[in-house]
Amino acid sequence: MIRDRGDWVISRQRVWGVPLPIFYAENGEPVITPETIDHAAKLIGEFGSNVWFEREAKDLLPEGFTHPGSPNGEFTKEMDIMDVWFDSGSSHEAVLRAREDLTFPADMYLEGSDQYRGWFNSSITTSVAINGVAPYKTVLSQGFVLDGEGRKMSKSLGNTVLPEKVVKNMGADIIRLWVSSVDYESDVRISDDILKQVSETYRKIRNTMRFLIGNTEDFQPKEHAVAYEELRSVDQYLMARLDQVVETCVTAYKEYEFSTIYQTIMNFCTVDLSAFYLDFAKDVVYIEKEDNLERRAMQTVFYEVLVKLAKLLTPIIPHTTEEIWSFLKEEEQYAQLAELPESSIREDQAGILGQWGKFMDIRDAALKALEVARNEKTIGKSFEAHLSLFVDEETKALFASLDANLEQLFIVSQLDINELTAAPAEAMQFDNLAILVEHAHGETCERCRAIKEEVGTIEDAATLCGRCADIVKSEYPEALVPEEA
Ligand SMILES: [Zn+2]
């Protein structure tokens, strides 16, 4: 667009604007000298550009100014004005260079995509002419806002979406989140339906954060945080995923790719947290005793997620993150004042991500088998299941290296691991994997809701499983009702 633009006629025939500081002598000869221009510039600097229209030509010229074309000392002034693109296109000279708190060149010129022909263009043209360089380090442009069907908004169509109305009805953070969700470099669409989808994402993020806040209430990071090396493998996996999220989002901010941040955080909240980590977390944070290491380990991850996501989301939904921040135990008083988080890529991270990636494939298969069993009414909730996994040596080694509580991760009451070759015909077949779902044997533990064979057999705790009986006996002995003799 620079190469193809023609000559630029910078004069316009309008009654008012920024004047062209040109005078004419009696013989019609234009008078345009450094001396006359400097003088006009000084007057305009002092009185504003209207001075040109308020004063006679002779009062705009230096005192005692003479010219061979004006033997009687008479002059007239130019009444054409400058093209407005020349005004705005020279703001790098009049604003950036003139103000001490600004720098030349600017970090960024930000405008609508129509400005490649307008301001971006006139600015680079004038700056290259004067300075030999562009007046900006980078240019960012955005498209225009269209309605849900991709039509231009107009009052007669009645399809306008007023930002202030959205703010009033749904809150400012919803419209901000919408802005982050779209590919702004092209034209973007907005409608009540689109905003409804965005508010659903908002609710997902908000509920996730609320769960994390609620479950770190008794957690003091300085006192209770568990060192990374002491975390269980599954907690380290979540930390590694969080680091990936931080890395992706911080890079995306640098590249102004806000929709990447929206997608990444939504995906993390939905897939990693809600559908996995927080799904089985209740079996730890609600059930284990307060200072249990596994519980503190999970809370360490929860708290880390809270702090880092709050920081990452602050540029997008600042009202919400400030509210979240008020529940955190950080020294920085406001999320707004906190720096963006840094990812702490650890040496073993790739290994952990790889191992758990394989585990997730097996988990997907197990979820499928559980779903089928639910449809066939073998079980109701997955907690009613006894899961038999038939695996090869590689998977056996994987399970051993993960050192994880598989019943907990699959959210089933009972689980056993067997040789792949021992799989019965009725087991569901996958690649190098077979899964059999049966109803678990035993009674339901009143406290953790798992079905265990030992429920009903434990002295003084007839309604509890072994794990819960131990916890209750040591932590809440007053809750136990001795059996009648
Ligand atoms: Zn129990």
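Computed from a prediction, not measured in an experiment: that's the story for all the values here.

Cut-offs applied
- Residues numbered from 1 in each chain as written.
- Predicted model: local features only at pLDDT ≥ 70, side-chain atom pairs only at ≥ 80, totals over all residues.
- Heavy atoms only, no water.
- Core = buried A, V, L, I, M, F, W, Y, C linked by side-chain atoms within 4.5 Å.
- Buried < 20%, exposed > 50% of the residue type's maximum accessible area, 1.4 Å probe, protein only.
- Domains from an automatic or database assignment.
- Contact = heavy atoms within 4.5 Å.
- 1 Å grid on protein atoms, 1.4 Å probe; cavity = no way out; pocket = protein on both sides within 12 Å on 5 of 7 lines; lining within 4 Å.
- Points joined across faces, edges and corners; volume = space filled by probe spheres on them.
- Nonpolar A, V, L, I, M, F, W, Y, C, P; charged D, E, K, R; others polar.
- UniProt positions renumbered as here; feature names shortened; annotations may be inferred.
- Helix = DSSP H or I, 4+ residues; strand = E, 2+ residues; numbered from the N terminus.
- Salt bridge = Lys/Arg side-chain N within 4 Å of Asp/Glu carboxyl O.
- Donors = N, O, S within 2.8 Å, 3.2 Å for Na, K, Ca; no water.
- Tetrahedral: all angles 85-135°; square planar, octahedral: opposite > 155°, others 65-115°.
- Phe/Tyr/Trp six-rings, centres within 6.5 Å; stacked < 30°, edge-to-face > 60°.
- Lys NZ or Arg CZ within 6 Å of the ring centre and 35° of its normal.

A few words on the nonpolar core. Membership of the largest hydrophobic core comes to 92 residues, with the highest contact counts inside it found for I265, F276, Y277, F359, L387 and F410. Residue assignment places this core across two domains, with domain 2 (189-337) and domain 3 (349-441) each supplying three or more. Setting aside anything within four residues of it in sequence, one finds F359 in contact with F276, L398, F399, L402, L406, L409 and F410. Grouped together as the second largest cluster of nonpolar side chains are 14 residues, F383, C448, I458 and I471 included.

This next bit is on the layout of surface pockets. Any space left empty among the atoms is revealed by the rolling of a water-sized probe across them. Roughly 410 Å³ of volume is contained in the largest pocket. Around the largest pocket, the lining comprises 17 residues; the ones closest to its centre are K381, F383, I411, C448 and R449. Among the residues making up the lining of the largest pocket, the classes are represented as 7 nonpolar, 3 polar and 7 charged. Looking at the lining of the largest pocket, you find at least three residues from each of domain 2 (189-337) and domain 3 (349-441).

The subject of this paragraph is the UniProt feature "domain: Aminoacyl-tRNA synthetase class Ia" (unreviewed entry) in the chain. Summarizing the sequence annotation, UniProt attributes the feature "domain: Aminoacyl-tRNA synthetase class Ia" (unreviewed entry) to residues 1-191 in the numbering used throughout. Across residues 1-191, the secondary structure splits into 32% helix and 15% strand, with the terminal C-alpha atoms separated by 33 Å.

A few words on the pattern of salt bridges. A complete count under the given rule lists 23 salt bridges for this structure. R12 is the partner of D83 in a salt bridge, and the nearest nitrogen-oxygen pair spans 3.3 Å. One end of the pair, D83, is in the loop between β5 (81-82) and α3 (84-89); the other, R12, is in strand β1 (residues 11-12), and 71 residues separate them in sequence. The exposure class of R12 is partly exposed, given its relative accessible area of 29%. One salt bridge connects R241 with D272, and the closest N-O pair in it is separated by 2.9 Å. Of the two residues, R241 is situated in helix α10 (residues 233-254) and D272 in helix α11 (residues 258-285); the sequence distance between them amounts to 31 residues. Assessed through its relative accessible area of 15%, R241 is described here as buried.

Bound to the zinc ion are the protein donor atoms C445 (SG), C448 (SG), C465 (SG) and C468 (SG), situated 2.3 Å from the metal. Considering all 4 donor atoms around the zinc ion, angles at the metal cover 105 to 113 degrees and the coordination shape is tetrahedral. One chain supplies every donor for the zinc ion, spaced along it as C-x2-C-x16-C-x2-C. Note on C465: relative accessible area 2%, which makes it buried.

All chains considered together, the criterion is met by 20 aromatic pairs. Clustering of aromatic rings is evident, with ring pairs tying together F211, Y237, F276, Y277, F280, F302, W356, F359 and F410. For the cation-ring pair, R5 lies above W8, with the distance from its terminal atom to the ring centre recorded as 4.7 Å. Seen from the ring of F104, R97 lies directly overhead, with NZ or CZ sitting 4.0 Å from the centre.

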